[in-house]
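Here's the letter readout for the chains.
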Amino acid sequence: MAGLHKSEFQNPVINWIDSRLPVFTMLQKEYGVFPTPRNFNYLWNFGALAMINLVIMIATGIFLAMNYTPHATMAFDSVERIMRDVNYGWLLRYVHMNGASMFFIVVYIHMFRGLYYGSYKTPRELLWILGVIILLLMMATAFMGYVLPWGQMSYWGATVITNLFSAFPIIGDSIVTWLWGGFSVDNPTLNRFFSLHYLLPFVLVGVVFLHIAALHITGSNNPLGIDVKGPQDTLPFHPYYTIKDSVGICVYLLVFACFVFFAPNYLGHPDNYIPANPLVTPAHIVPEWYFLPFYAILRSVPDKLGGVLLMFASIGVLALLPWLDTSPVRSARFRPIYRILFWVLAVACVVLGVCGAKPAEGIWVVLSRIATAYYFLHFLVILPVLGKFERTLPLPESISRAVLPTGGGGPLPGGAAAKPMEKA
Amino acid sequence: MADSAAAPHAAPNTGGAEVTKRDFLKLVTAAGAAVGVGAIVWPLVDSMNPAADVLALSSTTVDLAPVQVGQAITVMWRGKPVFVRHRSAEEIAKAKADDKGRLPDPMTDAARVKPGKEQWLIVVGICTHLGCVPIGNRSTEVRGEYGGWFCPCHGSHYDTSGRIRLGPAPANLAVPPYAFEGDTKIKIG
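### Quick look at the overall build of chain A
Line of reasoning, step 1. A count of helices and strands for chain A gives 16 helices and 2 strands.
Line of reasoning, step 2. Projected onto its principal axes, the C-alpha positions of chain A cover 75 × 60 × 45 Å.
Line of reasoning, step 3. Out of the 424 residues in chain A, the part that is buried amounts to 50%.
Line of reasoning, step 4. Excluding contacts between residues fewer than 6 apart, the proportion of contacts in chain A whose partners are at least 24 apart in sequence is 78%.
Line of reasoning, step 5. If the 26 positive side-chain charges of chain A are averaged to one point and the 20 negative ones to another, these points end up 9 Å apart.

Have a look at this one:
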C-alpha cells in the first residue's frame, strides 16, 4: 500500500507499528547506529545527564504537587506535612530540592565543556542558542520553585527578584504590580508561580527536543574540535556511548545520593525553614548558590537599573558568543592563549559566586567588580580580538589519525578504512 | 496552497511589483487576525493584575494615641509594612536642617508630613532598592548613619525624614496617601 513505511524490523508487532509510525526506525537511526565521533571524553556525558535530571525533576515534581497546597497560609505547612506525614514525602522533596542543584551543576559543566571545545562555533550556533534558552527557562523555573515552600528566603527572594523589574523607567512599577497580582508578594503571586513552575518544565522538554534535533543535524563536536571526515572517525551511538553514558550516570547518581541522604540541606539556606513574614527581612538575603554569580554582577553596579541590565546582559552575551569568537579553531587544545583565558574566565565565575554569597561591602565589592569587568571583557573584547592574532597549533588530519594507535590505517576513505575501526 | 489555487486569478506574474486586490485582502486578513489575537490575549494578561478583592483591601485606620515620642509602630497596608514614627523635636530639627544637605532624591521635610503634624512621619517601610524592609523602627535597632532607617540587604541609609542618603536605593521611602481623621487617628489609603 502506498504511504506505508518499509520497516526492516523482523518482529511482526514492531513491524506493524513501525510501518505505520516509524518510531522504531527513528530510534534506531538517532540512537542506535547514529554515527558519533569516536574520541569523546567523559565531559560529553553531561548532555545525557542533564536529560536524566530533567526527567527526575518532572517525576518527583508531579508527585510533590499531589500533596502541596499553593496558598500563602498553607504552603509552608503542606511542605512540612510532605516531610513528616506523606509516605516517602521526605525522599521526594529532598530529591527534587537537591535535583535542582544537581541540574545546575550538570548544566554548568555542560556549558563550560562547550566553551572549552568551541562547541558553539559554526555550524552549531543555533544549537548553542537553544542551550542558552534552556538555561534561561531553567533559571525561571528554579526561581519560582524556590518560592513555593513559602519560607523567609522564598518570600524575600521573590520580593528582591521581582523588584528587579521596578528598575525599568516609567513602566517598571506597573510590571511589578502585574507580576505580583497585588501590591506586594502575596497569595496571588504564590498561585501564579505554582502554575508557571508546573508549566515551564514541559516547555523545557520542548526546547530540549529542538536542542537534540539540531544536534542530530550538525552532529556532535568532539575534543579535537575537527569535523568528522568519514566512517573511520565515528562509532555507532549504541553500544559505545550508551555504555559510556551509563558509567557517567552511575557516578552522577552516586553524588546525587550523597547529597540527598547525607547532606540534604547543605546547599539550602536554614532561614527558609522560617515561615514567610512580610514584616521582617532576614539580615542577609542570598539566592540559591547557582544564582550567586549573577547576583554578584547585579550588586557590583552602584546604579539600580545599570545592575539589572548588566545581569541580563551577562546571559545575553552568551547567545552572541558564536559571532564574538572569531577564531576558526574550535578546541582550546590547539589554542594556547585561549586555553589560559578559559581558566581565567572560570576563576572569574567562581570569584563572582563567592562574592555573591558575601555581604556587599569592603573587599567583596572590589573583587566582584574586577570579576564582572573580566567576564564582559573576555566575551566582548578578548575573544573577538584573540581570534585574529592567536597562533594556533596544527590541527590533526582526522579524528582517527589522532586517536587510533595504528594511526587510523592511513588516509584511505571508504571500505578499507572501515576495517581498522573494527580492530580498534 | 492558497497561492497556487489563486494563481490563475492573480495578475500575471510580472515580477511582483504590482499591487493586486489579493495583496490587499491578505493585508486586511492579517490585520484582522492581529486585532483578534490581541483581544483574546488581553483578558489573559489583565487577569494577572490585582483583582477586585485585592484592591478593596487598600485602606487601613490607625490609632496614634498609644505611640509615645521617639517610638515607631509598623502597620500593614496593602500587604506592605507602613512605618508610623512619632518624631522627637531634635529629629524634626535634624530633618529640616538636612533639607539643604546632599540628597539623592531632593525633597523637603515639610513636603513629607502634614502641616502642623510634623511629629508624625508616615512612610511605606519598603526599601526603594529591591523591596526589603529596613530596620530601625525599634529604637534598639541599627538606624544607619542618619538616624532614620537602615536596609540590611544592600546597605541603604535613610534619615529621620525617610529620605535616602547613602547606598544603592534610588528614591526616598514612599509617603502613602493618608489623612488625619481626628487628632490621633489616621486613615491610610
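Past the structure itself, the notes keep going.
### As for the overall build of chain B
Line of reasoning, step 1. In terms of regular secondary structure, chain B is built from 4 helices and 9 strands.
Line of reasoning, step 2. In chain B, the succession of helices and strands from N to C terminus is α-α-α-β-β-β-α-β-β-β-β-β-β.
Line of reasoning, step 3. A compact globule built from 189 residues would reach a C-alpha radius of gyration of about 16 Å, whereas chain B, at 29 Å, exceeds it by more than 25%.
Line of reasoning, step 4. Seen through its C-alpha atoms, chain B measures out along the principal axes to roughly 90 × 35 × 30 Å.
Line of reasoning, step 5. By residue count, 38% of the 189 residues in chain B fall in the buried class.
Line of reasoning, step 6. Counting only contacts in chain B whose residues sit at least 6 apart along the sequence, the fraction spanning at least 24 positions is 53%.

### A word on the sheet that holds strand β1 (residues 60–63) of chain B
Residues and elements named next belong to chain B.
Line of reasoning, step 1. Across the sheet, 3 strands lie side by side as β1-β9-β8; this open sheet has antiparallel pairing. This sheet does not close on itself; its edge strands, each paired only once, are β1 and β8 (178–180). Put simply, the sheet's adjacent strands are angled 20° from each other on average, direction ignored.
Line of reasoning, step 2. Bridge count for β1 against strand β9 (residues 185–188) is 4 bridges, and the pairing is antiparallel. Residue pairing for β9: D63 is matched across the bridge by K185.

### Description of the packing of aromatic side chains
Line of reasoning, step 1. Applying the stated criterion across every chain, the model contains 31 aromatic pairs over all chains.
Line of reasoning, step 2. Centre to centre, the rings of F104 of chain A and F291 of chain A are 6.0 Å apart; their planes meet at 70°, and the pair counts as edge-to-face. Of this pair, F104 of chain A sits in helix α5 (residues 89–116) while F291 of chain A is found in the loop between α10 (237–262) and α11 (292–300), placing the two residues 187 residues apart along the sequence.
Line of reasoning, step 3. The class of F104 of chain A is buried, set by a relative accessible area of 2%.
Line of reasoning, step 4. For F291 of chain A, a relative accessible area of 15% gives the class buried.
Line of reasoning, step 5. A ring pair is formed by F83 of chain B and W149 of chain B, whose centres lie 5.3 Å apart and whose planes are at 15°; its orientation type is stacked. Linking F83 of chain B in strand β3 (residues 80–86) with W149 of chain B in strand β5 (residues 147–151), this pair joins segments that are 66 residues apart in sequence.
Line of reasoning, step 6. Accessibility expressed as a relative area gives 2% for F83 of chain B, which makes it buried.
Line of reasoning, step 7. Through a chain of ring-to-ring contacts, the aromatic side chains of Y31, F40, W44, F112, Y116, Y117, F237, Y241, F342 and W343 of chain A assemble into a single cluster.

### With respect to the side chain of S7 of chain A
Residues and elements named next belong to chain A.
Line of reasoning, step 1. Considering the arrangement of structural elements, one finds S7 in the segment before α1 (12–20).
Line of reasoning, step 2. Polar side-chain contacts of S7 include one of 2.7 Å to the side chain of D18.
Line of reasoning, step 3. The contacts of S7, once residues within four sequence positions are left out, are N15, D18 and S19.

### Comments concerning the pattern of salt bridges
All names here are of chain B.
Line of reasoning, step 1. In total, this model carries 17 salt bridges over all chains according to the counting rule given.
Line of reasoning, step 2. Residue R143 pairs with E91 through a salt bridge whose shortest N-O separation is 3.9 Å. One end of the pair, R143, is in the loop between β4 (120–124) and β5; the other, E91, is in helix α4 (residues 89–97), with 52 residues separating them in the sequence. Across this residue pair, the class does not change: R143 and E91 are buried.
Line of reasoning, step 3. When salt bridges that share partners are traced, they join D98, D99, D159, R163 and R165 into one network.

### Some points on the nonpolar core
Proteins that are soluble and globular tend to have nonpolar side chains buried together.
Line of reasoning, step 1. Judged by nonpolar contacts, the single largest core of 122 residues is most densely connected at Y68, F104, L115, W150, Y338, Y375 and F379 of chain A.
Line of reasoning, step 2. Among the elements that take part in this core, helix α6 (residues 125–147) of chain A stands out by supplying 14 residues, more than any other.
Line of reasoning, step 3. For Y68 of chain A, the contacting residues outside a window of four places in its chain are A75, S78, V79, I82, L148, L190 and F194 of chain A.
Line of reasoning, step 4. One finds L64, V82, I122 and V124 of chain B within the second-largest nonpolar core, a separate group that totals 13 residues.

### Considerations on the pairing of β3 of chain B
Regular strands place their side chains on alternate faces of the sheet.
Residues and elements named next belong to chain B.
Line of reasoning, step 1. Counting buried positions along β3 gives 7 out of 7 residues, so the element sits mostly inside the fold.
Line of reasoning, step 2. Going residue by residue along β3, you find K80, V82, V84 and H86 tucked away on one face and P81, F83 and R85 tucked away on the opposite face as well.
Line of reasoning, step 3. The pairing of strand β2 (residues 72–77) with β3 spans 6 bridges and is classified as antiparallel. Within β3, the residue paired with V75 across the bridge is V82.
Line of reasoning, step 4. Hairpin connection of β2 to β3: 2 residues between the antiparallel strands, including R78 at a positive phi of 55°.

### Re the sheet that holds β5 of chain B
Each strand in a sheet pairs with its neighbour through backbone hydrogen bonds, running either in the same direction (parallel) or in the opposite one (antiparallel).
Residues and elements named next belong to chain B.
Line of reasoning, step 1. Taking strand neighbours across the sheet as the criterion, the 3 strands line up as β5-β6-β7 in an open arrangement whose pairing is antiparallel. Both outer strands of the open sheet, β5 and β7 (164–166), are each paired with one neighbouring strand and no more. Put simply, the sheet's adjacent strands are angled 35° from each other on average, direction ignored.

Criteria and thresholds
- Residues numbered from 1 in each chain as written.
- Chains lettered and ligands numbered in written order.
- Predicted model: local features only at pLDDT ≥ 70, side-chain atom pairs only at ≥ 80, totals over all residues.
- Heavy atoms only, no water.
- Helix = DSSP H or I, 4+ residues; strand = E, 2+ residues; numbered from the N terminus.
- Buried < 20%, exposed > 50% of the residue type's maximum accessible area, 1.4 Å probe, protein only.
- Contact = heavy atoms within 4.5 Å.
- Lys, Arg positive; Asp, Glu negative; His and termini not counted.
- Charge placed at Lys NZ, Arg CZ, Asp CG, Glu CD.
- Rg over C-alpha atoms; globule rule 2.2 N^0.38 Å.
- Pairing = 2+ DSSP bridges.
- Axes fitted to C-alpha atoms, helices over the stretch in contact; angles between N-to-C directions.
- Phe/Tyr/Trp six-rings, centres within 6.5 Å; stacked < 30°, edge-to-face > 60°.
- Polar contact = N/O pair within 3.5 Å; in protein donor to acceptor, adjacent residues only side chain to side chain.
- Salt bridge = Lys/Arg side-chain N within 4 Å of Asp/Glu carboxyl O.
- Core = buried A, V, L, I, M, F, W, Y, C linked by side-chain atoms within 4.5 Å.

That is the geometry; function is a separate question.
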